[in-house]
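As a plain string of letters, each chain reads:
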Amino acid sequence: KWDVELQTPLGKQGFIADLTADDSTVNGTTDSKQTGAAVLRDGAVHDDEFNFIVDLKKPFPMAMSFEFTIQGDQLTGIGRAKGLPKIKAKGTRIG
């Protein structure tokens, strides 16, 4: 599990990501107070990098894509939704 923090234009927001991975795919869920629960789709792993898409229902329906690099128990990356600026993301392993 990962505690992920996003630096959005509206301030800091975050989610808990419960992820599983094999040699080429990443699967799992995200959950937050702001956006609710979502299932990952189109997840891929490449060495120490991975990416996925989540279809959010709140505050309004949108697909967000994320790209992360893992460094030990830390994640760094970006998130983006169509028509919105990229946002910085970072995370810490929590379990």
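First things first, this report covers the structure right here in the doc. (Residues numbered from 1 in each chain as written. Predicted model: local features only at pLDDT ≥ 70, side-chain atom pairs only at ≥ 80, totals over all residues. Heavy atoms only, no water.)

Each helix and strand counted, the protein chain has 0 helices and 8 strands in total. Starting at the N terminus, the α and β elements of the protein chain follow one another as β-β-β-β-β-β-β-β. For the protein chain, whose C-alpha radius of gyration is 12 Å, the value lies close to the compact-globule estimate of 12 Å for 95 residues. With the C-alpha coordinates aligned to their principal axes, the bounding extent of the protein chain is approximately 35 × 25 × 20 Å. Across the protein chain, the fraction of contacts at a sequence separation of at least 24, relative to all contacts at a separation of at least 6, is 22%. About 6000 Å² of surface is accessible on the protein chain, with carbon and sulfur atoms providing 53% of the total. Computing the positive centroid from 12 side-chain charges and the negative centroid from 13, the protein chain places the two 10 Å apart. (Helix = DSSP H or I, 4+ residues; strand = E, 2+ residues; numbered from the N terminus. Rg over C-alpha atoms; globule rule 2.2 N^0.38 Å. Contact = heavy atoms within 4.5 Å. Areas by Shrake-Rupley, 256 points an atom, 1.4 Å probe, with all protein chains shown as cover. Lys, Arg positive; Asp, Glu negative; His and termini not counted. Charge placed at Lys NZ, Arg CZ, Asp CG, Glu CD.)

With that settled, the discussion passes to the pairing of strand β5 (residues 49–56). The alternating pattern of β5 places Phe 50, Phe 52, Val 54 and Leu 56 on a buried face, while none of Glu 49, Asn 51, Ile 53 and Asp 55, on the opposite face, is buried. The sheet contact formed by strand β4 (residues 36–46) and β5 spans 5 bridges and is antiparallel. Opposite His 46, over in β5, you have Glu 49 as the bridge partner. Counting the residues in the hairpin turn of β4 and β5 gives 2 residues, including Asp 47, whose phi is positive at 55°. As paired elements, β5 and strand β6 (residues 62–71) share 8 bridges and run antiparallel to each other. When the bridges of β6 are listed, Val 54 appears paired with Met 64. The turn joining β5 and β6, which pair antiparallel and follow one another in sequence, is formed by 5 residues. (Buried < 20%, exposed > 50% of the residue type's maximum accessible area, 1.4 Å probe, protein only. Pairing = 2+ DSSP bridges.)

In this section: the nonpolar core. Ranked by internal contacts, the top residues of the largest apolar core, which has 22 residues, are Val 4, Phe 50, Phe 52, Val 54, Met 64, Phe 66 and Phe 68. Taken together, the elements giving at least two residues each to this core come down to β1 (2–8), β2 (11–21), β4, β5, β6, β7 (74–81) and β8 (87–93). Sequence-distant contacts of Phe 50, that is, excluding residues within four places in its chain, are made with Leu 19, Val 26, Ala 44, Val 45, Phe 66, Glu 67, Phe 68, Ile 70 and Leu 75. (Core = buried A, V, L, I, M, F, W, Y, C linked by side-chain atoms within 4.5 Å.)

To continue, consider the environment of Phe 50. Topologically, Phe 50 is positioned in strand β5. Sequence separation between Phe 50 and Val 39 is 11 residues; the distance between their C-alpha atoms is 15 Å.

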